[in-house]
Amino acid sequence: MLRAPTHGNRRTFSLGLFRDWAARCERRGCRWHIPALLSLFTTFFYWPILFASRLSFPWDASDFFYPYFAFVHEELRHFRLPLWDPYAFSGFPIIGDPEAQIFYPPNWLMVLLHPFSPLPFRLVEIQEIAHFFLAGLFMFYLAKDYTGETVSALFGGILFMSSGAMVAHTEHVASINAMAWYPLVFLLARRGLRENKLYWTVAAGLFLGMENLTGHWQHAVYLGLLLFLYFAYEACAGPQRLQLWPRWIYQLVLIAAVGAGLAMVQILPTYELSTLSIRDELTYWDITTGNRLQFLWTLFLPNYFGGLHGVPYLQPVAPGVFNPSDYYVFLTVPGCLLALIGLIEMARRRNVFWLAVILLFTDLALGSNGLGGGHLDQIPVLQLFRRAPIFFDVANFGLCLMAAVGIRALLEETSRAFYRKPLPLGLLALLLIGTGLGLVLQFAWKIHGWYHMLAVLALFCLLVTALLRGQLGPQWARWAILGLVLFQLVHNNRNQPFNASREDPRQQVAYDYAAARQDSLQFLRSDTASDFRVAAWDGSPWGSNGWNLWRIPAIYGWNPIMLRRYRQYIRQFTQADSFALSYGGLLEGGPDQRVDSPMLDLLGMKYLLVVSPVEQKHRLAESAKFQKVHAEINWRTVYRNQDYLSRAWFYPHAYILPDARTVLALMNSRWFQMRRDLLFAEADLAGAAVPAGEQLRTLVINPDQVAASSAGRVAPDDSCAQSRLKYQGWSGTGNWVRYDFTAPAEPGRYLLLAEYTAAGAAAPEVAAEIAQGDRKQLSAPAVLLRTFALDCKFSRTADLGQFDLAPGVSQLTLKLAHDAGLDLYSLWLVRLPDAVPPAPGDFSFRDFSVSATRIAFQAQLPQPGDVLVNEITYPGWEASIDGKPTQLFPADGIFRAVWAPAGAHQIEMRFRPRHLALGAAVSLISLAAVAIALGRLRGSRRPSS
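The rules behind each value
Residues numbered from 1 in each chain as written. Predicted model: local features only at pLDDT ≥ 70, side-chain atom pairs only at ≥ 80, totals over all residues. Heavy atoms only, no water. Buried < 20%, exposed > 50% of the residue type's maximum accessible area, 1.4 Å probe, protein only. Helix = DSSP H or I, 4+ residues; strand = E, 2+ residues; numbered from the N terminus. Pairing = 2+ DSSP bridges. Disulfide = S-S within 2.5 Å. Contact = heavy atoms within 4.5 Å. Axes fitted to C-alpha atoms, helices over the stretch in contact; angles between N-to-C directions. Parallel < 35°, antiparallel > 145°, perpendicular 65-115°, else oblique. Left-handed = near helix turned anticlockwise from the far one by under 90°. Nonpolar A, V, L, I, M, F, W, Y, C, P; charged D, E, K, R; others polar. 1 Å grid on protein atoms, 1.4 Å probe; cavity = no way out; pocket = protein on both sides within 12 Å on 5 of 7 lines; lining within 4 Å. Points joined across faces, edges and corners; volume = space filled by probe spheres on them.

Enquirer: I'd love a proper account of the pairing of strand E25 (residues 865–872), names of residues and values included.
Expert: Within E25, eight of the eight residues are buried, leaving the element largely enclosed by the surrounding structure. By the bridge criterion, six bridges tie E25 to strand E29 (residues 895–900) in an arrangement that is antiparallel. Bridge pairing links Val-869 to Arg-896 in E29.

Now the structure itself:
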């Protein structure tokens with residue numbers, strides 16, 4: 001029972017107001033009081049974002065999510081379902097990208113709120129801020145279900161929505177959207193289990209479907225794992241365990257089935273894309289690389305690694321890693337201590353579930369640095385996701401809930417008696433230890449904020465001691481503790497680099513602005529030919545996904561599920577990172593970009609947008625191929641490519657190679673001419689009903705064929721999704737490696753190609769020699785472009801020269817011309833054609849009709865042959881000639897080709913995603929079934945008396 005104060009009329013009056021408000025809130029169920037308070041706090045927390053133009057959400061929020069949302073918004077407001085995105089990666093199946101949130105209902109609301117013009121970034125920020133509010137509101141309801149008390153539940157809600165593990169993910173819009181539904185799904189599932197009410201169980205499945213549609217399935221899977229552990233614990237060790245068998249199993253299955261069924265419209269297209277994307281190349285290290293244990297310091301020492309309030313980064317959480325979204329988990333000093341008290345309180349009730357969950361998910365967040373995270377790659381479903389640190393988001397969820405339980409325990413008279421003696425002593429001991437460590441180990445001087453932490457700890461110690469000794473009323477104590485937590489949350493988590501970039505959101509990335517400038521955008525839009533793409537070697541935002549917003553086709557972008565073949569294609573001429581952002585060496589220019597590559601021309605790259613260092617390094621002003629057509633003051637320049645391929649070309653003769661890797665290697669050679677040579681991979685011609693072309697004999701030389709060397713060794717490359725052998729550690733001027741092989745039975749001119757990685761400071765030069773008996777042939781040293789990293793996901797190919805080979809035993813020797821190093825994977829000897837292919841004759845293409853999901857044109861062909869369209873191939877693209885379906889083949893690695901007879905033809909290609917109709921049907925049936933079930937079960941949602 002709460003004690004009335006006796007310390008003056010003003011204090012009595014103030015406390016009476018708080019007590020009266022709390023009592024009214026308890027009686028009326030807080031139907032609007034708590035939402036109003038949380039909305040006010042959310043508005044205050046994000047006031048500069050909402051109502052000022054000097055701050056905006058940073059990084060992925062503006063560079064990745066906003067452009068994709070803008071494209072989806074544009075399609076939906078014109079009553080088109082977004083299926084194919086023509087603006088990023090030379091074309092991308094956006095229907096398969098879950099983070100585009102095509103079917104997420106709150107994003108449809110943005111279309112209703114802004115239906116007549118392009119989507120502004122401010123509306124995306126408001127959408128995310130609304131999800132922070134929902135996270136706090138739903139956590140309040142869940143915490144109240146645990147504590148039965150309003151202010152304690154409010155404490156849990158505010159702590160969850162503003163905790164470091166939430167706000168540090170501000171850039172990851174889909175993650176925040178997903179985390180917002182955690183408390184509601186868990187609350188409904190818990191009620192359904194404990195009360196045996198299918199209404200709550202079906203409702204939990206409904207909002208799990210909403211969680212799935214946010215697009216961050218990693219969080220959805222972790223929530224599913226949490227629910228499974230909770231249901232299993234309650235069924236095996238909970239107070240109702242005898243009544244829960246076996247219904248806990250079918251209730252859990254029902255939640256999963258409803259959630260998956262409602263999201264099937266997104267799940268099936270995403271599954272198809274995932275199998276063809278770089279996500280299918282996850283390695284052991286992608287899955288198990290986690291935090292170091294030191295990241296837990298940030299629970300109460302936000303500046304342990306630095307980076308806040310202008311403090312420079314003091315140390316990385318891992319070598320070279322400073323990204324705060326992985327390790328920043330600030331919970332405030334009172335929040336951490338109250339969570340500990342909450343765990344003790346749950347243990348007193350003989351419930352250790354949350355303690356086990358927090359320990360488990362914290363350990364998994366450590367990845368291979370922890371006890372069990374090193375085995376994540378062996379666990380079904382969990383091995384589909386990278387970034388183990390995200391596991392801590394579930395631990396944070398549990399900590400915030402336990403903090404609400406902890407503050408409730410301190411407010412109850414019966415519980416206070418248990419903590420009255422040990423808790424003040426424990427807090428005092430912590431204060432003394434913190435002071436001692438600060439002085440003895442000089443933490444106070446090394447870590448910015450150590451004094452601040454001690455001051456808050458001391459104040460919390462005084463408040464708790466006064467509360468437990470009866471010198472401070474419970475009402476005053478809980479509001480004082482809540483105020484202390486609010487101060488720390490606002491002071492450390494508001495307007496920091498991870499949630500407040502100091503840029504004008506109206507001009508940094510907007511429909512009419514890129515990096516606060518309009519010049520280059522206006523120039524590119526002035527070209528109305530619409531038959532071209534742009535390559536931007538300029539960094540962010542030009543190098544990212546802004547093309548979706550500006551609606552200008554480009555060859556680069558950023559996406560963790562981009563097409564695997566496309567990334568392999570891009571890196572032949574660009575030193576690109578994991579997601580094909582053209583980062584590597586751009587600001588330095590470097591020898592690592594091939595502006596003269598025919599592969600770049602084949603993409604339809606008409607304009608090259610560069611900054612001054614790149615322009616100077618590549619001597620673009622002196623180039624006969626590129627013409628300067630636009631320049632901004634002092635920094636950015638646009639060049640026109642005279643040799644770009646406009647849409648389509650005709651080839652009367654084609655060549656066949658064993659696989660797609662060999663195709664890309666040959667395309668990246670000096671022999672390849674894009675308007676003369678059309679290349680097919682043998683596997684892509686399965687079931688071909690028309691003549692395909694001339695087979696080019698290819699001999700593969702693998703690392704295990706190394707006979708001798710002066711440096712280096714053969715070893716497996718574990719950075720690959722499937723381990724591959726490579727010859728590594730080969731460096732140093734004059735060092736050599738020799739391969740023994742048997743030349744093919746067919747004599748002729750052979751081209752030597754190499755797949756390699758080279759991430760050193762200098763570009764390696766390699767000379768090749770082939771000896772057959774007494775005959776030796778030596779090539780001139782070839783300068784190899786460096787790669788972004790040494791693992792096979794960044795390998796490139798190089799042309800090492802041409803050789804005349806006769807059948808028999810041969811020796812290939814490679815020699816480094818100066819002190820640089822590289823790792824070698826496959827070598828290929830490809831027999832070149834004896835004769836130049838026949839000229840195509842006079843052909844023409846006209847009357848192009850182009851949209852995102854359709855391209856049609858008239859073709860006049862002098863003879864039978866292949867028509868190549870430089871659009872990206874993907875399952876679901878269908879072709880027809882003169883209205884009759886025809887087979888569409890992948891050609892030149894990533895493009896589309898059809899075989900056509902001589903004469904005049906109407907050629908058409910349409911995109912019809914193969915699994916969309918089935919997924920939509922399942923989702924609609926599931927939605928109807930859920931609506932009917934909830935309607936019929938509505939009367940049974942309350943527990944019986």
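So much for the structure itself; the text now carries on.
Enquirer: Kindly report on the state of the cysteines, identifying the contributing residues and their values.
Expert: Applying the stated criterion across every chain, the model contains one disulfide. Across the disulfide, Cys-720 is cross-linked to Cys-792 (sulfur-sulfur distance 2.0 Å). Of this pair, Cys-720 sits in the loop between strand E13 (713–717) and strand E14 (724–731) while Cys-792 is found in the loop between strand E19 (782–783) and strand E20 (796–805), placing the two residues 72 residues apart along the sequence. Of the residues examined, Cys-720 reaches a relative accessible area of 5% and is grouped as buried. Exposure remark for Cys-792: the relative accessible area of 10% places this residue in the buried category. Cysteine Cys-461 remains unbridged, with the sulfur of Cys-336 as its closest cysteine sulfur at 16 Å.

Enquirer: Give me the lowdown on the side chain of Ser-152, citing residues and values where you can.
Expert: With respect to the helices, strands and loops of the structure, Ser-152 is situated in helix H7 (residues 150–162). The exposure class of Ser-152 is buried, given its relative accessible area of 0%. If near-sequence neighbours (up to four positions away) are discounted, Ser-152 is found in contact with Thr-147, Ala-404, Ile-407, Arg-408 and Leu-411.

Enquirer: How would you summarise the packing of helix H6 (residues 121–147) against helix H9 (residues 173–180) if you had to cite specific residues and measurements?
Expert: Between H6 and H9, the shortest axis-to-axis distance is 8 Å and the interhelical angle comes to 25°. By the criterion of interaxial angle, the relationship of H6 to H9 is roughly parallel. Relative to H9, H6 is oriented so that their crossing is left-handed. Every residue of H9 that contacts H6 at Gln-127, Glu-128, His-131, Phe-132, Leu-134, Ala-135 and Phe-138 is listed here: Val-173, Ile-176, Asn-177 and Ala-180. Split by residue class, the contact of H6 with H9 holds seven nonpolar, three polar and one charged.

Enquirer: Let's hear about empty space enclosed by the protein: which residues, and what values?
Expert: Evaluated as defined, the whole model comprises seven cavities of 30 Å³ or more. By volume, the largest cavity is sized at about 70 Å³. Lining the largest cavity are 14 residues, with His-169, Ser-325, Asp-326, Pro-389 and Asp-393 sitting closest to its centre. Contributions of two or more residues to the lining of the largest cavity are made by helix H8 (164–167), helix H17 (324–327) and helix H20 (392–411). In terms of residue count, the dominant contributor to the lining of the largest cavity is H17 (three residues).

Enquirer: Got a sec to walk through the sheet that holds strand E24 (residues 854–861)? Specific residues and values, please.
Expert: Overall, antiparallel pairing links the five strands, which are arranged E23-E24-E30-E26-E27 in an open sheet. Each edge of the sheet is formed by a strand with only one pairing partner; in this case those strands are strand E23 (844–851) and strand E27 (884–886). Strand-to-strand, the axes of this sheet are offset by a mean angle of 25°, without reference to chain direction. Relative to E24, E23 is paired through six bridges, and the arrangement is antiparallel. Paired with Phe-845 across the two strands is Ala-859, which belongs to E24.

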